[in-house]
Amino acid sequence: MVTYIEAGSSPYKNTGVIRLYGPEGFEGMRKACQVTARCLDELVSRVRPGVTTEEIDRFVFEFGMDNGALPATLNYRGYTKSSCTSINHVVCHGIPNDKPLRDGDIVNIDVTYVIDGWHGDSSRMYPVGEIKRAAERLLDVTHECLMRGIAAVRPGSRTGAIGEAIQTYAEAERCSVVRDFCGHGVGRLFHDAPNILHYGRANEGPELREGMIFTIEPMINLGRPHVKVLADGWTAVTRDRSLSAQYEHTVGVTADGCEIFTLSPAGLFKPDMAAMGAA
């Protein structure tokens, strides 16, 4: 049985209940999420061949400090970085290091900032130099999966409608949906109920209600959906070493749909590959 509560009426720990936030919560999330979105915008010009993910991570930390924001991943369950940087066949939770990015790589950069206790969570894909057509197509499909999932959000629908919209499109494009990771409730907690699966059926899962806040973050593979976690305990990779991509927004359910808190102020959430190639 699913339990819904007004946010703030119980301790902030993940007990499986679904919190419903009011105007104050939505405003807090707008503030945190827009700092995250601005940071990801700034990275567009910084992601290029020869740059290390350690340099990117350092920028994420410094940007947060300059804007009164704390990176949520820093020291989270022993994680020592301010972001996750997942390259090529890395599905998620890639750890920044001193290895330079190479021309043709694709990298997901996942950032969550905490401001006044609110968590702004988002990630984007960045092409490094000139990428192959297969990689470009994967980015296109993955972004479209995210937007179709968001379009399914409305009060009265179920979380399964999000997963069905994503899975139907991804598989029609001969791609696969990773099952091992999912979106999640967010707000005062980094990870909260409900889990948002990126596959499923429209009549499954908890009912969506006004005031819910959660992430949608489909991970889409060019090959099979299976993943494994490396010995570092964090880095998840595709078992068949096929390319993987992910886009993530944080959204809040409104009376007639949803609000996307992590929209790019500069319109840079998904890069225009044609324009970049001409530059």
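What you see is a predicted model; the values in this text were computed from it and never measured. (Residues numbered from 1 in each chain as written. Predicted model: local features only at pLDDT ≥ 70, side-chain atom pairs only at ≥ 80, totals over all residues. Heavy atoms only, no water.)

What to know about the packing of aromatic side chains
Scanning the entire structure with this criterion turns up 7 aromatic pairs. With a centroid separation of 5.6 Å and 65 degrees between ring planes, the pair formed by tyrosine 21 and tryptophan 118 is classed as edge-to-face. Note that tyrosine 21 is positioned in the loop between strand E2 (18-20) and helix H1 (23-43) and tryptophan 118 in strand E7 (residues 118-127), a separation of 97 residues in sequence. Comparing tyrosine 21 with tryptophan 118, the two get one shared label, buried. Note on tyrosine 247 and phenylalanine 269: the rings are 5.5 Å apart at their centroids and 45 degrees apart in plane angle, and the pair reads as tilted. Placement of tyrosine 247 in the loop between strand E15 (244-246) and strand E16 (249-253) and of phenylalanine 269 in the loop between strand E17 (258-260) and helix H5 (273-278) is noted, with a sequence separation of 22 residues between them. Of the two residues, tyrosine 247 and phenylalanine 269, both sit in the buried class. These aromatic residues form a ring-pair network of at least three members: Phe59, Phe63 and Tyr113. Geometry around tyrosine 199 places arginine 179 over its ring, the cationic atom sitting 4.8 Å from the centre. Taking NZ or CZ as reference, arginine 209 lies 3.8 Å from the ring centre of tyrosine 4, over its face. (Phe/Tyr/Trp six-rings, centres within 6.5 Å; stacked < 30°, edge-to-face > 60°. Helix = DSSP H or I, 4+ residues; strand = E, 2+ residues; numbered from the N terminus. Buried < 20%, exposed > 50% of the residue type's maximum accessible area, 1.4 Å probe, protein only. Lys NZ or Arg CZ within 6 Å of the ring centre and 35° of its normal.)

Quick word on the sheet that holds strand E5 (residues 90-92)
Strand order in this open sheet of 3 strands is E5-E14-E13, and the pairing throughout is antiparallel. Only two strands of the sheet have a single partner each, and these edge strands are E5 and strand E13 (227-229). Strand-to-strand twist across the sheet, computed as the mean angle between neighbouring axes with direction ignored, equals 40 degrees. Bridge count for E13 against strand E14 (residues 236-238) is 3 bridges, and the pairing is antiparallel. From the neighbouring strand, lysine 228 faces E14, where its bridge partner is valine 237. (Pairing = 2+ DSSP bridges. Axes fitted to C-alpha atoms, helices over the stretch in contact; angles between N-to-C directions.)

Quick word on the environment of glutamate 207
Within the secondary structure layout, glutamate 207 lies in the loop between strand E10 (192-196) and strand E11 (213-216). Along the sequence, glutamate 207 and proline 155 sit 52 residues apart, while their C-alpha atoms lie 7.5 Å from each other. Among residues more than four places away in sequence, those in contact with glutamate 207 are Tyr4, Gly156, Ser157, Arg158 and Met212. (Contact = heavy atoms within 4.5 Å.)

Comments concerning unusual backbone geometry
Across the junction of alanine 193 and proline 194, the peptide omega takes the value 0 degrees, indicating a cis bond. Along the chain, the position of proline 194 falls in strand E10. Notably, asparagine 75 is not glycine yet its phi reads approximately 70 degrees, a positive angle. Relative to the helices and strands, asparagine 75 resides in the loop between strand E3 (70-71) and strand E4 (84-87). In this structure, arginine 174 takes a positive phi of about 65 degrees despite not being glycine. Relative to the helices and strands, arginine 174 is located in the loop between helix H4 (159-172) and strand E8 (176-177). What makes arginine 174 exposed here is its relative accessible area of 66%.

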